[in-house]
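Observations on chain architecture
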Amino acid sequence: RRAEYAAIRGKPATTKDGLACQLMVNAGLAEDTAQLENSGADGIGLFRTEFQFLVAATLPGRESQYRLYRQVLDAAGDKPVVFRTVDIGGDKALPYLQDEKDESENPAMGWRALRLSLERSALMKAQARALIEAAGGRTLRVMFPMVSEPWEFDEAKQLFEKQIEWAVQAKRPTPAKIEYGCMLEVPSLAEVLDLLLPKLDFLSIGTNDLTQFLFAADRADPRLAQRYDWLSPAILRFLRRVIRQCREAGVPVRICGEMGGRPLEALALVGIGMESFSITPAAVGAIKAMIRSLDAGAARARLEQMLARPPRDFRRALLEWARKQEV
Ligand code: PEP
Ligand code: MG
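All chains use their own residue numbering, which begins from 1 and follows the written sequence. Note on labels: chains are lettered from A, ligands numbered from 1, in written order. Only residues with pLDDT of at least 70 are given local features in this predicted model, and only at 80 or more are side-chain atom pairs given and counted; all residues enter the totals for whole chains, interfaces and linings.

Note on conventions: DSSP H or I runs of at least 4 residues are helices, E runs of at least 2 residues are strands, and numbering of each starts at the N terminus. Summing up its helical and strand segments, the protein chain has 16 helices and eight strands in all. Note on method: radius of gyration uses C-alpha positions; expected globular size equals 2.2 Å times residues raised to 0.38. Expected size for 327 residues packed as a compact globule is a radius of gyration near 20 Å; at 20 Å, the protein chain falls within 12% of this value. Overall, the protein chain is about 60 × 45 × 35 Å in size when its C-alpha atoms are taken along their principal axes. Neighbour counting defines burial: a residue surrounded by 20 or more other C-beta atoms within 10 Å of its own C-beta is buried, one with 12 or fewer is exposed, and intermediate counts give partly exposed, using backbone-placed C-beta atoms. Here the protein chain holds 327 residues, and the buried ones make up 40% of them.

Next up, the structure:
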């Protein structure tokens, strides 16, 4: 398989019937940029900025954040990088940030990510400045985690815009362009997505959190891991609706959860209209090989059928179909 993946490294992720897909990677540390090069991916679709915070003994200052972001942008060159503002708090608690240990019973649904960032705005301002300066003269792509309602996006964007104003006045470097996106990983956002889409430059679906919230099933509990399958009508219908809404609004949509890095899941995603994936670097070869062997039109027709009248064992039925198609 390795040789097979190496042989298609420089080739596009285009289906047999000519649908060009985008394959990006998830990253979080400076070292990960080597994976971008090695995998031949189209960019970094999710840069988890909290990794720097999680590995540090003390709160990373603006300067060290700036250095990391610059290094990542330099390494990526012409390829796009999407920086996600910190997703800390909850179970990713930082001893130097929280006054006390987070004792909440459901940390995944707790005071984390954008909820924390909007309240600890000094933290977010420092990060915004670091990103703005690091992207001086280039395009800055930023997205916010755990947005549950549109106003949270509005506030976060406003905070960035204020920091840009400040940078302009202070004659500091500023991005040539800035694109704002949002993660969809809290189901409530889907119900008000039409209100948010006109404001977005892109949407990125985080199926790790989305699945646990949709099924009310802790993603970290191994006893539930086998119970809720990504290849289930509930998730796929949910995603199909979101993808359609984005397409109708002309907003690019991508998946950045682990689901996209599994070949059969990725096949199902293409079948419901997904064309952009940000995945773990190790999966790029396998996903590209799958896409190149797939007829997207046939996959769409198959998924429509299967979602209209779901077979009992969805995964198995899809796998059998994929084998018959020689995907
Ligand atoms: C997700 O929730 O799917 C996601 C990509 O974010 P994280 O895994 O960092 O929570
Ligand atoms: Mg998440």
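Here is the check we use: build the C-beta atom from the backbone, and if it is within 6 Å of the molecule or strand, call the residue near. As a structural note, the neighbourhood of ligand 1 is formed by Leu46, Arg48, Asp87, Glu185, Gly206, Thr207, Asn208, Asp209, Cys256 and Gly257. Of all the elements in the fold, those that place two or more residues in the shell around ligand 1 are β2 (44–48) and α10 (207–214). With three residues, the top contributor of residues to the shell around ligand 1 is α10. By the convention adopted, Pro, Cys, Tyr, Trp, Phe, Met, Ile, Leu, Val and Ala count as nonpolar, Lys, Arg, Asp and Glu as charged, and the other residues, Gly among them, as polar. Class assignment for the residues of the shell around ligand 1 results in two nonpolar, four polar and four charged.

Here we take up helix α14 (residues 284–292). Residues of α14 that are buried: Val284, Gly285, Ile287, Lys288, Met290 and Ile291. Along its buried surface, α14 packs onto α1 (2–7), β1 (22–27), α2 (33–39), α13 (263–271) and β8 (276–279). In this description, a residue-residue contact is defined by the distance between C-beta atoms placed from the backbone, which must lie within 7 Å.

This part covers the packing of helix α4 (residues 62–76) against helix α6 (residues 121–134). The interhelical angle for the contact between α4 and α6, taken along N-to-C directions, is 40 degrees, at an axis separation of 8 Å. You can see that α4 and α6 cross each other, and the crossing is right-handed. Where α4 abuts α6, its residues Arg62, Gln65, Tyr66, Tyr69, Arg70 and Leu73 lie against Ala126, Gln127, Arg129, Ala130, Leu131, Glu133 and Ala134. Taken together, the residues of the contact of α4 with α6 break down into seven nonpolar, two polar and four charged. Lines fitted to the C-alpha atoms define the axes, with helices restricted to the stretch that makes contact. Angles between their N-to-C directions range from 0 to 180 degrees. Crossings are assigned a handedness: left-handed for a near helix turned anticlockwise from the far helix by less than a right angle, right-handed for a clockwise turn.

Judged by nonpolar contacts, the single largest core of 84 residues is most densely connected at Leu131 and Cys182. For Leu131, the contacting residues outside a window of four places in its chain are Tyr69, Phe83, Leu140 and Val142. Think of a nonpolar core as buried Ala, Val, Leu, Ile, Met, Phe, Trp, Tyr and Cys residues chained together by C-beta atoms that fall within 7 Å.

Now for the pairing of strand β4 (residues 139–144). Counting buried positions over the six residues of β4 gives five, a clear majority of the element. Bridge analysis of β4 against strand β5 (residues 177–184) gives six bridges, and the strand direction is parallel. Note on β5: the bridge partner recorded for Leu140 is Ile178. Any two strands between which DSSP finds at least two bridges are classified as paired.

So, on to the environment of Ala57. As for its placement among the helices and strands, Ala57 is situated in the loop between α3 (50–55) and α4. Considering only alpha carbons, one finds Ala57 and Leu94, 37 residues apart in sequence, at a separation of 9.0 Å.

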